[in-house]
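Structural description and commentary
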Amino acid sequence: MLNLSTKSRYGLRILLQLAQCRGSGRSCKVRELAEQQSISDAYVEQIMIALKGSGLVLSARGRNGGYLLGRVPADITVLDVIELFEGRIDLVGCTGPEQRCARIAGCLSRTVWQRLSEAFRREAAAITLADILNSPPACASEYSI
């Protein structure tokens with residue numbers, strides 16, 4: 001079974017919360033993010049290090065400081081989040097840049113894995129934070145991957 005890490009899942013949830021805060025023009029503090037997402041402050045901080053390093057999130061200092069989105073919601077994709085925490089998504093090793101298999105040249109199934117990996121990446125790249133925020137809750141299953 002292909003399972004994404006909690007960092008990918010929580011990272012997406014945190015970014016969505018930051019996108020909602022963006023609409024009100026304010027930043028979000030770690031404690032607020034942790035409470036709303038039911039995640040420990042320490043784990044939110046770990047996730048924020050990666051999000052900040054990638055430029056998806058900015059930090060604001062001072063009394064009213066906190067975290068803000070680093071880009072507009074329409075410019076952040078689900079693929080951005082997944083590949084930040086998981087690395088490049090390839091379903092099997094022979095379809096990635098390293099192509100770790102001695103049987104590549106004559107393997108009939110490789111094209112299947114390549115197509116499925118590309119489809120996953122294409123679909124994840126097509127879904128933005130704005131898309132998720134603008135979809136009605138009843139249609140949330142439309143974005144299941």
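An account of the accompanying structure is given in this report. (Residues numbered from 1 in each chain as written. Predicted model: local features only at pLDDT ≥ 70, side-chain atom pairs only at ≥ 80, totals over all residues. Heavy atoms only, no water.)

Turning next to the overall build of the protein. When its secondary structure is counted, the protein shows 6 helices and 2 strands. Ordered by position from N to C terminus, the α and β elements of the protein give α-α-α-β-β-α-α-α. Judged by the C-alpha coordinates and their principal axes, the protein covers about 60 × 30 × 25 Å. Put simply, the protein has 145 residues, and 34% of those count as buried. (Helix = DSSP H or I, 4+ residues; strand = E, 2+ residues; numbered from the N terminus. Buried < 20%, exposed > 50% of the residue type's maximum accessible area, 1.4 Å probe, protein only.)

The next thing to look at is the state of the cysteines. Think of a disulfide as a covalent bridge from one cysteine sulfur atom to another cysteine sulfur atom. Across all of its chains, the model carries 1 disulfide by this definition. Each sulfur of the disulfide joining Cys-21 and Cys-28 lies 2.2 Å from the other. Every disulfide takes its handedness from the sign of the S-S torsion; for Cys-21 and Cys-28 that torsion is 80°, giving right-handed. As far as the burial class goes, Cys-21 and Cys-28 line up, both buried. (Disulfide = S-S within 2.5 Å.)

A few words on the pairing of strand S1 (residues 57–60). Sheet topology places S1 next to strand S2 (residues 66–69); 4 bridges connect them, and they run antiparallel. For Ala-60, the partnering residue across the bridge sits in S2 and is Gly-66. Following S1, the chain reverses through 5 residues before pairing antiparallel with S2; Gly-62 in that reversal takes a positive phi of roughly 100°. (Pairing = 2+ DSSP bridges.)

Another point: unusual backbone geometry. Phi is positive for Ser-38, close to 55°, though the residue is something other than glycine. Within the secondary structure, Ser-38 sits in the loop between helix H2 (30–37) and helix H3 (41–54). On the basis of relative accessible area, Ser-38 is assigned to the exposed category, the value being 67%.

Counting 32 residues, the largest nonpolar core has Ile-14, Leu-15, Leu-18, Leu-33, Val-44, Met-48 and Leu-51 as its most contacted members. Counting residues per element, the ones that place at least two in this core are helix H1 (6–24), H2, H3, S2, helix H4 (78–86) and helix H5 (110–126). With 8 residues, the single largest contributor to this core is H1. Dropping the residues within four chain positions of it, Leu-51 is found in contact with Gly-11, Ile-14, Leu-15, Leu-56, Val-57, Leu-84 and Phe-85. (Core = buried A, V, L, I, M, F, W, Y, C linked by side-chain atoms within 4.5 Å. Contact = heavy atoms within 4.5 Å.)

Further remarks concern a nonpolar patch on the surface. Taken together, Leu-2, Leu-91, Val-112, Trp-113 and Leu-116 make up a surface patch of nonpolar side chains, about 430 Å² in accessible area. When you line up the elements, Leu-91 lands in the loop between H4 and H5. Overall, the relative accessible area of 34% leaves Leu-91 in the partly exposed class. (Patch = residues over 30% accessible without salt bridge, like charges linked within 9 Å, V, L, I, M, F, W, Y side chains within 5 Å. Areas by Shrake-Rupley, 256 points an atom, 1.4 Å probe, with all protein chains shown as cover. Salt bridge = Lys/Arg side-chain N within 4 Å of Asp/Glu carboxyl O.)

Another aspect to go through is the packing of H2 against H3. One way to put it is that H2 packs onto H3 with a least axis distance of 9 Å and a crossing angle of 110°. The angle between H2 and H3 places the two elements in the roughly perpendicular class. Our pair here, H2 against H3, has a crossing hand that is right-handed. Residue-level inspection shows Val-30, Arg-31, Leu-33 and Ala-34 of H2 in contact with H3, the latter providing Asp-41, Val-44, Glu-45 and Met-48. Here the residues of the contact of H2 with H3 are counted per class, giving 5 nonpolar, no polar and 3 charged. (Axes fitted to C-alpha atoms, helices over the stretch in contact; angles between N-to-C directions. Parallel < 35°, antiparallel > 145°, perpendicular 65-115°, else oblique. Left-handed = near helix turned anticlockwise from the far one by under 90°. Nonpolar A, V, L, I, M, F, W, Y, C, P; charged D, E, K, R; others polar.)

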